[in-house]
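Summary of structural features
One-letter residues, chain by chain:
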Amino acid sequence: MKLKKIKNKNPDLLIVGAGPVGCVIAERAAKIKKWSSLIVEKRNHIAGNCYDEINKKGLRIHKYGPHYMRFKKKRIFNYVSKFTKWIKGNYIVKSYVKGQLYPIPINLNTIEKFFNKKFQNKNQARKFIETLKIKKKKIKNSEDYILSKLGKEIYENFYKNYTIKQWGIHPRNLNKSVVGRLPIRFNRNPYYVNQKLKVMPKKGYTNLFKNMTKDKKIEILLDTSYEKIKKNIKPNLATIYTGPPDVFFNFKYGRLDWRSLDFKFKTYKKEKVQECVQINFPNENKFTRKVEIKHVTKQKSKFSTISYEFPKSKGDPYYPINNKKNTNLFKKYKKLIGKLEKENIYFEGRLASYRYLNMDEVIEAALNLFKRLKIKYG
Ligand SMILES: Cc1cc2nc3c(=O)[nH]c(=O)nc-3n(C[C@H](O)[C@H](O)[C@H](O)COP(=O)(O)OP(=O)(O)OC[C@H]3O[C@@H](n4cnc5c(N)ncnc54)[C@H](O)[C@@H]3O)c2cc1C
């Protein structure tokens, strides 16, 4: 590692990872406290998994899967709005089952179409679903959860095989929270997410995080892993680590499992290829979903790019696998993480906290961590 490349070898903060968490901490530190930050990022770009780019046909693609931004809290939206203008994010997702497309999350339209029935109101539909539910004394896993909420037919057609494909694990062996994240609706709300504030950055996520880290007090070193520089860089105040915990501790207690994905992009000479941004394939094909992000970016072009997602067990860590083995293992790492704060090392973000967190949630977590740093090193 040529340290010559680094301008500031004594930054106030050493930040590991130029994803949303790393960028937010660096921005706040520069703006509020005039602290300098050195961000080291092992990839060749900023923005973490939110990274997007323009492909050869001039179309914006989300390199690590579609990122549907939504905000639970106006305060977080207001903060991020300082760095971007927005376009609407009315995300529509459908599932391809037995040759037909059905709205996802399951809603009244899905239920009517699938069972070929018409309901006058929510209550009628609820009563009907009540007759299909399989009663469970205790909801122990994802299978129990869906069987007890929607019954066998919906479970078998929409959830079971999708979950097996996505996770490589039977829903019986996955915590109920895995399928529980997706709402179940008895209204006709067609949107993928519940939040009213659903948007996408007008010029993309990479641009958003570029704007966030413009301050001269922020230095970003790409293609550089923490492991390579950690002996040589001693920050004045603290280290913020946003990578996986088991890697940090050199797998002391063993490896945390992650689910990964392969993304295959294909460009078609067509204005639009499919009828909505995302189509899920629970039962057919090796891929889980086909995404045409142009439905949201609204780019004008004769071409359109589709990304196909193939789940796999090795590769970049994308989704923590929420089962007993990993929960117990992470608990052990968490104890070590807690102790490190005395040595001014902090863990934050989706990888570091081994939790499925959306962008607004990690941005909020980063803002909260910055508040703690401000108090401690104020
Ligand atoms: C397939 C997929 C789809 C998603 N869809 C959505 C969505 O629709 N809506 C939503 O809100 N959220 C979505 N997310 C979640 C979103 O990507 C995360 O919330 C967000 O990226 C987390 O930010 P972060 O900074 O914690 O981590 P990351 O974005 O993962 O950034 C961490 C960075 O740290 C770097 N790093 C790790 N270890 C080291 C090291 N040792 N040295 C140097 N660099 C290191 C990594 O290379 C990475 O760039 C999705 C995630 C995935 C994987």
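Numbers given to residues run from 1 along each chain, matching the order in which its sequence is written. Given that the model is predicted, a residue must reach a pLDDT of at least 70 before its local features are reported, and side-chain atom pairs must reach 80 or more before they are shown or counted; all residues, however, enter totals for whole chains, interfaces and linings.

**What about the packing of helix α5 (residues 142-150) against helix α6 (residues 152-167)?**
Lines fitted to the C-alpha atoms define the axes, with helices restricted to the stretch that makes contact. Angles between their N-to-C directions range from 0 to 180 degrees. Here a helix means four or more residues in a row that DSSP labels H or I, a strand means two or more in a row labelled E, and each is numbered from the N terminus. Close contact between α5 and α6 brings their axes to 9 Å; oriented N to C, the two are set at 150°. The angle between α5 and α6 places the two elements in the roughly antiparallel class. In this structure, α5 crosses over α6, and the sense of that crossing is right-handed. Listed contacts from α6 to Ser142, Ile146, Leu147 and Leu150 of α5 are Lys152, Ile154, Tyr155, Tyr159 and Thr163. Reported orientations rely on four angle classes, namely roughly parallel under 35 degrees, roughly antiparallel over 145, roughly perpendicular from 65 to 115, and oblique for the rest. When the near helix sits turned anticlockwise from the far one by under a right angle, the crossing is termed left-handed; a clockwise turn instead gives a right-handed crossing. Contact between two residues is assigned when their C-beta atoms, built from the backbone, lie within 7 Å.

**Observations concerning the nonpolar core**
Nonpolar core, as used here: buried Ala, Val, Leu, Ile, Met, Phe, Trp, Tyr and Cys residues forming one set through C-beta atoms within 7 Å. Labels follow a simple rule on C-beta atoms placed from the backbone: if 20 or more others lie within 10 Å of a residue's own, it is buried; if 12 or fewer, it is exposed; otherwise it is partly exposed. Judged by nonpolar contacts, the single largest core of 82 residues is most densely connected at Ile15, Ile25 and Ala366. Tallying contributions element by element places helix α13 (residues 359-377) first for this core, with eight residues.

**Quick word on the domain arrangement of the protein**
The start and end points of each domain follow an automatic or database-based domain assignment. Segmenting the protein into domains produces domain 1 (3-46 + 213-256 + 321-377), domain 2 (50-92 + 191-203 + 258-319) and domain 3 (107-178). Look at where the C-alpha atoms of domain 1 and domain 3 centre, and you get two points 39 Å apart.

**Quick look at the packing of helix α1 (residues 20-33) against α13**
Where α1 contacts α13, the two axes come as close as 9 Å, and the packing angle between them is 40°. Classified by the interaxial angle, the pair formed by α1 and α13 is oblique. When you trace α1 past α13, the crossing you get is right-handed. Two secondary-structure elements touch here, α1 through Pro20, Val21, Val24, Ile25, Arg28, Ala29, Ile32 and Lys33 and α13 through Met359, Val362, Ile363, Ala365, Ala366, Leu367, Leu369, Phe370 and Lys374. Residues are grouped as follows: Ala, Val, Leu, Ile, Met, Phe, Trp, Tyr, Cys and Pro are nonpolar; Asp, Glu, Lys and Arg are charged; every other residue, Gly included, is polar. Considered class by class, the residues forming the contact of α1 with α13 number 14 nonpolar, no polar and three charged.

**Re the site of the ligand**
Any residue whose backbone-placed C-beta atom lies within 6 Å of a molecule or strand is treated as near that molecule or strand. Contacts to the ligand come from 34 residues, most closely from Gly17, Gly19, Gly48, Gly243 and Gly349. Residue assignment for the shell around the ligand shows that the elements contributing at least two residues are α1, α9 (226-229) and α13. In terms of residue count, α1 provides more of the shell around the ligand than any other element does, three residues in total. Both domains that meet at the shell around the ligand, namely domain 1 (3-46 + 213-256 + 321-377) and domain 2 (50-92 + 191-203 + 258-319), each give it at least three residues.

**Examining the pairing of strand β10 (residues 218-221)**
On β10, burial follows the alternation: Ile218 and Ile220 on one face are buried, whereas Glu219 and Leu221 on the facing-out side are not. Two strands are counted as paired when DSSP detects at least two bridges linking them. Here four bridges tie strand β2 (residues 37-40) to β10, and the two strands are oriented parallel to one another. Of the residues in β10, the one forming a bridge with Leu38 is Glu219.

**Structural notes on the sheet that holds strand β5 (residues 69-71)**
Ordered in space as β5-β9-β6, the three strands form an open sheet in which the pairing is antiparallel. In the strand order of this sheet, the two ends are held by β5 and β6 (86-88), each with one partner. Taking the axes of each pair of neighbouring strands and ignoring which way they run, one obtains an average angle of 45° across the sheet. Bridge analysis of β6 against strand β9 (residues 197-201) gives three bridges, and the strand direction is antiparallel. The partner of Lys88 across the bridge, within β9, is Val199.

**Focus on unusual backbone geometry**
Residue Ile104 is joined to Pro105 through a cis peptide bond whose omega torsion reads 0°. Mapping Pro105 onto the fold places it in the loop between β8 (100-104) and α3 (108-115). Not every positive phi belongs to a glycine, and Asn285 is a case in point at roughly 65°. Along the polypeptide, Asn285 turns up in the loop between β13 (278-280) and β14 (289-291). Of note in this structure, Tyr354 is not a glycine but carries a positive phi near 45°. Position of Tyr354 among the secondary structure elements: in the loop between β17 (345-347) and α13.

**Some words on the sheet that holds strand β7 (residues 93-97)**
If you walk across this open sheet you meet the seven strands as β8-β7-β13-β14-β15-β12-β16, and the pairing is mixed. Edge positions in the sheet fall to β8 and β16 (319-320), since each has one partner strand and no second. Where β14 and strand β15 (residues 304-312) come together, three bridges link them in antiparallel fashion. Bridged to Lys290 within β15 is Tyr308. Across the sheet, α6 touches β7, β12 (258-268), β13 and β15, and the angle it forms with β7 is around 100°.

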